[in-house]
Structures are given as C-alpha cells and as structure tokens.
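Single-letter residue listing:
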Amino acid sequence: MEFNLDNILRENIKTLKPYSSARDEFKGKEGIFLDANENSFGSPLNENYNRYPDPMQLDLKDKLSKIKGLPIQNIFLGNGSDEAIDILFRAFCEPGKDYAIICPPTYGMYEVSAGINDVAILKVPLLPETFQLDTANILKAINNNTKLIFFCCPNNPTGNGVKWNDIKTILENFSGIVVIDEAYINFAKYRSLIPELLNYPNLVILQTLSKAWGLAGLRIGMAFASEPIIDIFNKIKPPYNINAVSQKLALKALDNIEQINAWIKEIVSEREILSAELQNLSFVQKVYPSDANFILVKTNDPQTIYNYLVAKKIIVRDRSKVELCEGCLRITIGTKEENKNLVYILKSYK
Ligand SMILES: *Cc1c(COP(=O)(O)O)cnc(C)c1O
C-alpha cells in the first residue's frame, strides 16, 4: 500500500512555522553570547548551566548513532518515550476525527496520550495466552481515519515478542504509521527492527534509556524513523526538550556499554532462574515466557499475594484487573539477592 506522509500529516502541522531558538539561529561555540537572555555572570552550580542546552542534542545523537548504526537524521530524542508518543498523536491524528489502533494488554501510555489529544483508540486485543497479534481483525479495523497502529515488542505487561511476519503484514497493508515500541529490546533473543527502516517508510521505532541503560531518572526516549518523519518530530517538540544535565550525564553513561551488556546478560539469566523457581510454587498457575526484564505470573489469588508481598516490603505490579491478564502479577527482575529474597518469602506464603 502506498505511503504518503503528506496524506497523513495534519494540516496545522504542515503549515506550522516552528519556533526558532537563539541556539538554532547561531550554532558557534565561541563568542560573547548576548542572544538568549541568559545570565551572563554564570550559574550558581559552577557549571555552564546558565546556558541553554543544544536543542538538537547533537553530541548525544552522534554517540547513539554509532551504537545504533543509524544516521543522526533518523534519530529523535524525547523527554522519555512518552514525549515521542505524544508527538505522534499531535502530528498525525486530527482530534475528534482520526484514531489509533492498539492491541491490549499493552503499555498504558498509548491510550492515555490518545485521550489527552482527544484521539479515539480502537482496541484489537492480542490473542489469549499466546499474546500474538490478531492480524485479521487489525486489518478489518483499519479505515481512512486510522493514522497510527502501536505494537509493543517485547510487549509490556506480557513480556513476549510479536511475530515479525504479522508486523510485516500490517506494515504492507496500512497507509498510516506503524509504531513499534522496543523499550525492552535489549533483553530479547531477537534483534531490533531498526534495519527495516530502510524498507518501510511508514515505520517508527521507539526505544528508551530508561530500562536496560539504567537511566529512567534522566528521561530520555528515542524515536527512529525516516528523515521526513524525524523532521516532523523536531518541528513539534519544545525547543529545549532534553535538559543540559540529562544530555551531559547520558553522554557519559553511553561509554559504559560493557557494564550495561554485562547487566543485561545477568538480568536475562536471572529471569530464567526466577521463572523456573516461581513455576514450582503451588499457587502459581503459569509463568509466561518473557523477552523482557520482567515476567508475568498467573496465580490463584493475585491481590492477597500482592498484599502479602507489600507487607514484606516487596512491591510488584498487580495486573490482575487487566483484560487477558486475569490473575496476573508483573514482576521486574531484580538483583540476584532481591530475586532470592522474593522466592524465599513466596515459599512461606500460606
Ligand atoms: C517503560 C516503557 C517505556 C519507557 O518510557 P520512558 O518514557 O522512555 O521512560 C516505553 N514503552 C514501554 C512499553 C515501556 O514499558
């Protein structure tokens, strides 16, 4: 199916003249800067924090570009993935008219962000138990006002990946944008879909520094897409959306890739150990296979177990009210110590 960005871009965004900041208009690093109404005397923090940060985060993108094997022009950085999700709605969905498809159970922010933007959501649930895509019903649900389809792979809260063939079917039969949220890709056995950006101009991939990279507090999310789509993201974002401290610390953190890779390996190995341990407990009905840094566990009595754990100062996520996750708790993989503790405490339940 033909994808034409102009056909799906909102008219107000097409004609929008973006804000041009002082740092957009003069990019040099040397000189007397009297252009941005900053405090020229300095910052109380002995750092250059009196200066506005790079609006395009070029140093950080340069480093990410090498790690991800993707040109800078194909990278957008947001104040968390949440900002990228919000921008997708604002760029492509006419409030009160267009809509997006999501496949629950999945990440809650797609629906919240749609709601904030007054964009209707059409839900095509994942298939029960396997949590794979119901491609036939997704294709049926698409019409001229469908602008976005969100897939989360590996999916939160189920932990599984969705089949590439199913995603491909949608990509090839939809003239809107397919968003693949890869927040947990570092923990999966399969690779990111980044190389597919070359084949699919309607593909947007989301990743984040919040999970494997251990930088949830810095709020840095990434969107990867064709250059024209990234240009639209940049047109809409607030001028200085990533603050100077986050840019600086993330740049430093990205040098620790060996540490991150070692942690990922350990988390994956702990995930398998914990899954096996939990499977042995009498009140656990099922531990779903996971490609993420958490596991979905079906139990007889989720609320009581949740409260029991809270009383023991262990906090997990109760997902038992979520459709298709009845009875389920979502448990993040902790350190070896923490996981041992969890199992020890669960063994004395009842
Ligand atoms: C945690 C998570 C994110 C990350 O959001 P940030 O705003 O980047 O912290 C994105 N998508 C999914 C599915 C998540 O679970």
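You'll find the structure just up there.
Let me begin by describing the structure that accompanies this report. (Residues numbered from 1 in each chain as written. Predicted model: local features only at pLDDT ≥ 70, side-chain atom pairs only at ≥ 80, totals over all residues. Heavy atoms only, no water.)

One open sheet accounts for four strands, arranged β8-β9-β11-β10; its pairing is antiparallel. At either end of the open sheet lies a strand with only one pairing partner, and these are β8 (284-287) and β10 (317-318). The pairing of strand β9 (residues 294-299) with strand β11 (residues 328-332) spans five bridges and is antiparallel. By the bridge assignment, L296 is partnered in β11 with R330. (Pairing = 2+ DSSP bridges. Helix = DSSP H or I, 4+ residues; strand = E, 2+ residues; numbered from the N terminus.)

If you walk through the whole model with that rule in mind, you get 11 aromatic pairs. A ring pair is formed by W164 and Y200, whose centres lie 6.1 Å apart and whose planes are at 75 degrees; its orientation type is edge-to-face. Within this pair, whereas W164 is found in helix α8 (residues 164-172), its partner Y200 is found in the loop between β5 (177-181) and β6 (203-208), the two being separated by 36 residues in sequence. Assessed through its relative accessible area of 11%, Y200 is described here as buried. For the pair F283 and Y349, a centre-to-centre distance of 4.8 Å together with 70 degrees between the ring planes defines the contact as edge-to-face. Highlighted residues: F283 in the loop between α11 (257-279) and β8 and Y349 in the segment after α13 (336-347), separated in sequence by 66 residues. Note on accessibility: F283 and Y349 belong to one class, buried. Cation over ring: R330 sits above F294, and NZ or CZ is 5.5 Å from the ring centre. (Phe/Tyr/Trp six-rings, centres within 6.5 Å; stacked < 30°, edge-to-face > 60°. Buried < 20%, exposed > 50% of the residue type's maximum accessible area, 1.4 Å probe, protein only. Lys NZ or Arg CZ within 6 Å of the ring centre and 35° of its normal.)

Below, the discussion takes up α8. Because an α-helix completes one turn every 3.6 residues, residues spaced three or four positions apart along the sequence face the same direction. Of the residues making up α8, those classed as buried are D166, I167, I170 and L171. In a view along the axis of α8, the buried residues occupy a sector of 140 degrees, so they form one face of it. Those residues of α8 that are buried lie in contact with α7 (135-141), β4 (146-152), β5 and β6. (Arc of directions from axis to C-beta. Contact = heavy atoms within 4.5 Å.)

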